[in-house]
Amino acid sequence: MFIPKRIIPSLTAGAISLAGCANVSGDGGGGGDGGDGGTGGVGGIQEDIRAFCMKIVDCDPINYSYDYCVTNISALEPNLSAQCRAVVLSYFACVEERPCQTFRIDCYSPELNLCLSTVL
């Protein structure tokens, strides 16, 4: 079980799901062959995690580790409900938009705290 250290504040120890999309293409027609299934892809989720962790490290490079942040937030993802994933994504977006001095206050939400309490 992951227990947040000073490296990642407990409010930022959320995770987001790895989402994929599948495209199916094919040839139709009278007696035609079915198409090949498309490949699933990892959306921007990992990019969101990396951007979030980069912001955390940029704000306090002495106390935060980028690799630790990415690894541990990604590890929490399977335990989050769809609703909590949405809350975490919203938090990540807020953090990215706010200055270092205020993001912890500006982006705090009771919903995030509740979501994280279920997985930490």
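Scroll up to find the structure this text is about.
All of these numbers come straight from a predicted model, not from anything done at the bench.

### Let's talk about the state of the cysteines
1) Next: With the rule as written, the count across this model stands at 4 disulfides.
2) Next: One disulfide bridge connects C53 with C69, the sulfur atoms lying 2.0 Å from each other. On the sign convention where negative means left-handed, the S-S torsion of about -75 degrees between C53 and C69 marks this disulfide as left-handed. Note that C53 is positioned in helix α1 (residues 45-59) and C69 in helix α2 (residues 66-76), a separation of 16 residues in sequence. Comparing C53 with C69, the two get one shared label, buried.
3) Next: Here C94 is linked by a disulfide to C107, with a sulfur-sulfur distance of 2.0 Å. Taking the sign of the torsion about the S-S bond as the criterion, the disulfide between C94 and C107, at about -85 degrees, is left-handed. Of this pair, C94 sits in helix α3 (residues 82-97) while C107 is found in the loop between α4 (103-106) and α5 (110-119), placing the two residues 13 residues apart along the sequence.

Scoring rules and cut-offs
- Residues numbered from 1 in each chain as written.
- Predicted model: local features only at pLDDT ≥ 70, side-chain atom pairs only at ≥ 80, totals over all residues.
- Heavy atoms only, no water.
- Disulfide = S-S within 2.5 Å.
- Helix = DSSP H or I, 4+ residues; strand = E, 2+ residues; numbered from the N terminus.
- Buried < 20%, exposed > 50% of the residue type's maximum accessible area, 1.4 Å probe, protein only.

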